[in-house]
Amino acid sequence: MYTWNEIPFDNSAYDYQGEALSEIWDELHEGDREPFPSDERLQEAWRCYHRGDFQQAVNQADECGLQGHAVANKATGMYASHLENNQERQRECYQSAIARAEKAVIEFPDDANSHHFHAFNLGRYSQSISIVKALKQGLGGKIMRSLTRALEIRPEHADAHTALGLYHAEIISKIGKLVG
């Protein structure tokens, strides 16, 4: 495993130690509606995520087992999308998050974020490969099913609504209005 790139700015304003994380949690997670974790190890993984230490967030989340899927998958996807310049490594990140999310969907079928982060990483992965390859792998249908399920579970999940809109825009952009 290689060392992930660091964020290129001072992140000290996002270091939510102690009670600071729980105090700002609702604001930070208004979009994904992730509940505040009771497990202190997961709280620390989320602290790492929020300060942009994505690799440490994933490592800590993975130590918690599948219970840490949301922070691990969000951190992996954000890192790959914004900080990884190597396309092959980027795809590897998405694939690892997709694999973790597929397990989370089975283990936590009523957790909106198991489905949402599955769709998020599938969507980003599909953008990193050719449209033909994405269609062959049935990624569009998988993304749609995951987003639909996330919204069935949690209709107020703003990030899933946004992702669904982006999904439709991407389909229209890539395939055309008739299919979209």
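All of the points below concern the structure found in this document. (Residues numbered from 1 in each chain as written. Predicted model: local features only at pLDDT ≥ 70, side-chain atom pairs only at ≥ 80, totals over all residues. Heavy atoms only, no water.)

Right, let's get into the environment of aspartate 32. Within the secondary structure, aspartate 32 sits in the loop between helix H1 (20-28) and helix H2 (40-50). Take aspartate 32: its relative accessible area is 2%, and that puts it in the buried class. With 84 residues separating them along the chain, aspartate 32 and histidine 116 place their C-alpha atoms 8.4 Å apart. Those residues in contact with aspartate 32, other than ones at most four positions away along the chain, are Lys74, Asn113, Phe117, His157 and Asp159. (Helix = DSSP H or I, 4+ residues; strand = E, 2+ residues; numbered from the N terminus. Buried < 20%, exposed > 50% of the residue type's maximum accessible area, 1.4 Å probe, protein only. Contact = heavy atoms within 4.5 Å.)

Here we take up the packing of aromatic side chains. Evaluated as defined, the whole model comprises five aromatic pairs. Centre to centre, the rings of tryptophan 25 and phenylalanine 36 are 5.1 Å apart; their planes meet at 85°, and the pair counts as edge-to-face. Here tryptophan 25, found in helix H1, pairs with phenylalanine 36, found in the loop between H1 and H2; they are 11 residues apart in sequence, far enough to count as distant. Accessibility expressed as a relative area gives 2% for tryptophan 25, which makes it buried. (Phe/Tyr/Trp six-rings, centres within 6.5 Å; stacked < 30°, edge-to-face > 60°.)

Purely spatial values, then, with no claim about function.
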